[in-house]
Amino acid sequence: MTETRRRVFSGIQPSGDVHLGNYLGAIKNWVELTERYESIYCIVDLHAITIPYEPEELHDRVLDLAVALIASGLEADRCTLFVQSHVPEHAELAWLLNTVTPLGDLQRMTQFKEKSERIKAVSAGLLNYPVLQAADILLYRADLVPVGEDQRQHLELTREIARRWNARYGELFPEPDALIGPGRRVLGLDGVSKMSKSQNNVIPLLATPEELDAIVRTAVTDPARVARVDPGNPNVCNVFALHRVFSSPAEVEEIEIRCQTAGIGCVECKRLLAGNIADELAPVRERALELRERPDLVREVLHEGAERARVIARETLAEAYDRMGLRRNMAPTPAAPAAPAPAATPDPA
Ligand code: AQP
């Protein structure tokens, strides 16, 4: 049975170049989900400003991300794609949800702890990030949220926030389920940490073949393999992990053996990988080039996406305000039409 009526929501931050981690861990799966679900995808710019950023770069980053998403297959006829700040109801609902979210729950979030270690001035926005995320999801009363393992804790908090709010103000928000896709956690060029836009360890999704060759060449391989003549261990090599994704099974098998027997060096192994990534992503790159030539088209997709999203968002927010006793309509009730004056009776002469 096709589940056409169930709704999926997910978001991605315009916080840097979209990379293979985002693509393999999220975007590819999002495209597949559009076949089965009503899909709403959001460029979460309000989340991106919770860590230090350059205001003059943000708008271009949003458009670049939109280009990458549409080029990957999230075309307007398959899903609703929009920018979070274009639908102000996200921030409004987040404020309402803040009031039912215990401070301790936010302080316990792993991502908050990790990010606040890297940042000097930690803002309240970073702490409240998961509440805004809850608002993103609950605003559309989404049933399913495709997330990576790293986002599971935030989704659990969203469910908890929905439960608390519903218990206090009456059932409104469904508790969304996590949809853990087939995508894996992709490691960065250092081969240790998660590939992350803000970590300077990425392979950009839209890199040209030449750029890919140069970038992949910097990837860390098996650290124990010092010289070309040393045999390597593919199981601890991130380049090999990416071969498993981008190379044919026969090629993977051959590389595994040649690495273990020092039959192939890391330089050649990386060159092959860069070539295979370039080949697989060629259609995405080509579509992105077309879209970059037509920024008006990209803006139109985002504009129409926001219009569609707002229809749902307005309705949910109005209901939430109402249930919380926040009556926003203070317009005077129109006066009743005046009764017609009685016909004058002529004075008796
Ligand atoms: N390395 C990764 N492997 C697998 N999946 C990943 N995702 C991100 N990095 C990897 C998935 O991409 C989706 C969108 O991510 P996001 O931009 O909202 O936030 P993020 O996870 O914080 O991504 P980054 O690249 O690490 O951004 P910064 O550096 O700004 O924090 C999510 O579904 C995520 O799981």
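A. The arrangement of empty space enclosed by the protein in detail. In this structure the tally under the stated criterion is 3 cavities of 30 Å³ or more. Of the pockets and cavities examined, the largest cavity occupies roughly 100 Å³. Thr 221, Asp 222, Arg 225, Gly 232, Pro 234, Cys 237, Val 239, Phe 240, Ile 255, Cys 259, Cys 266 and Cys 269 together form the lining of the largest cavity. Here the lining of the largest cavity is composed, by residue class, of 8 nonpolar, 2 polar and 2 charged. Each pocket or cavity is described by its volume, and for the second largest cavity that value is around 50 Å³. Surrounding the second largest cavity, Met 109, Gln 111, Phe 112, Lys 115, Leu 126, Tyr 129, Pro 130 and His 154 form its lining. Those elements that place two or more of their residues in the lining of the second largest cavity are helix H6 (110–118) and helix H7 (124–139). For the lining of the second largest cavity, the residue count by class is 5 nonpolar, 2 polar and 1 charged.

B. Seen up close, the packing of aromatic side chains. Inspection of every chain in the model, using the stated rule, returns 5 aromatic pairs. Ring geometry for Phe 9 and Tyr 140: centres 5.6 Å apart, planes at 10°, overall stacked. In this pair, Phe 9 is assigned in strand S1 (residues 7–12) and Tyr 140 in the loop between H7 and strand S4 (144–146), connecting sequence segments 131 residues apart. On the basis of relative accessible area, Tyr 140 is assigned to the buried category, the value being 0%. A ring pair is formed by Trp 30 and Tyr 41, whose centres lie 4.6 Å apart and whose planes are at 5°; its orientation type is stacked. In this pair, Trp 30 is assigned in helix H1 (residues 20–33) and Tyr 41 in strand S2 (residues 38–43), connecting sequence segments 11 residues apart. As far as the burial class goes, Trp 30 and Tyr 41 line up, both buried. Through a chain of ring-to-ring contacts, three or more aromatic side chains come together here, namely Phe 9, Phe 82 and Tyr 140.

C. Fine view of the site of the ligand. Taken together, 20 residues lie around the ligand, and Ser 15, His 19, Ser 196, Lys 197 and Ser 198 are the ones closest in. Contacts to the ligand include Val 186, whose backbone N or O atom sits 2.8 Å from a nitrogen atom. One of the side-chain N or O atoms of Ser 196 is found 2.4 Å from an oxygen atom in the ligand. Burial of the ligand by the protein amounts to 95% of the accessible area it has alone, namely 640 Å². When atoms are counted within 2 Å of each cavity's grid points, the one that captures over half of the ligand is the largest pocket. Elements with a contribution of two residues or more to the shell around the ligand: S1 and H1. Here the shell around the ligand gets 4 residues from one element, more than from any other, and that element is H1. Looking at side-chain class alone, the shell around the ligand contains 4 nonpolar, 10 polar and 6 charged residues.

D. Structural view of the domain arrangement of the protein. As far as domains go, the protein holds domain 1 (3–186 + 295–323) and domain 2 (207–280). For domain 1 versus domain 2, the distance between C-alpha centres works out to 35 Å. With 5 residues of domain 1 at the contact, the number on the domain 2 side is 5 residues. Regarding the contact of domain 1 and domain 2, the summed buried area is about 420 Å², with carbon and sulfur atoms giving 79% of it. Ranking the residues of domain 1 by area buried against domain 2 places Leu 20, Leu 24 and Arg 184 at the top, with a combined share of 71%. Linking domain 1 to domain 2 there are 1 salt bridge. The residue makeup of the side of domain 1 that touches domain 2, split by class, is 3 nonpolar, no polar and 2 charged.

E. Here's a closer look at the nonpolar core. Ranked by internal contacts, the top residues of the largest apolar core, which has 61 residues, are Leu 69 and Leu 205. The residues that make up this core include at least three from each of domain 1 (3–186 + 295–323) and domain 2 (207–280). Excluding anything up to four places from it in sequence, Leu 205 contacts Val 18, His 19, Leu 20, Tyr 23, Ala 68, Ser 72, Leu 281 and Val 284.

F. A look at unusual backbone geometry. Positioned with a positive phi, Arg 141 is a non-glycine residue whose angle comes to about 45°. Looking at where Arg 141 falls in the secondary structure, it is placed in the loop between H7 and S4. Residue Arg 141 is classed as partly exposed on the basis of its relative accessible area, which comes to 27%. Notably, Ala 262 is not glycine yet its phi reads approximately 60°, a positive angle. Tracing the backbone through its elements, the reader meets Ala 262 in the loop between helix H11 (249–260) and helix H12 (266–293).

G. Expanded view of the layout of surface pockets. What the largest pocket holds in volume is close to 1,200 Å³. Asn 22, Gln 111, Asp 150, Gln 151 and Lys 194 are the residues nearest the centre of the largest pocket, which is lined by 48 residues in total. Every element with two or more residues in the lining of the largest pocket is listed here: S1, H1, H6, H7, S4 and helix H8 (152–169). The leading source of residues in the lining of the largest pocket is H1, at 6 residues. Each residue belonging to the lining of the largest pocket can be placed in one class, and the counts come to 15 nonpolar, 23 polar and 10 charged.

How each quantity is defined
Residues numbered from 1 in each chain as written. Predicted model: local features only at pLDDT ≥ 70, side-chain atom pairs only at ≥ 80, totals over all residues. Heavy atoms only, no water. 1 Å grid on protein atoms, 1.4 Å probe; cavity = no way out; pocket = protein on both sides within 12 Å on 5 of 7 lines; lining within 4 Å. Points joined across faces, edges and corners; volume = space filled by probe spheres on them. Nonpolar A, V, L, I, M, F, W, Y, C, P; charged D, E, K, R; others polar. Helix = DSSP H or I, 4+ residues; strand = E, 2+ residues; numbered from the N terminus. Phe/Tyr/Trp six-rings, centres within 6.5 Å; stacked < 30°, edge-to-face > 60°. Buried < 20%, exposed > 50% of the residue type's maximum accessible area, 1.4 Å probe, protein only. Near = heavy atom within 4 Å. Polar contact = N/O pair within 3.5 Å; in protein donor to acceptor, adjacent residues only side chain to side chain. Areas by Shrake-Rupley, 256 points an atom, 1.4 Å probe, with all protein chains shown as cover. Sits in = over half its atoms within 2 Å of the grid points. Domains from an automatic or database assignment. Contact = heavy atoms within 4.5 Å. Buried area = accessible area lost by both parts, 1.4 Å probe. Salt bridge = Lys/Arg side-chain N within 4 Å of Asp/Glu carboxyl O. Core = buried A, V, L, I, M, F, W, Y, C linked by side-chain atoms within 4.5 Å.

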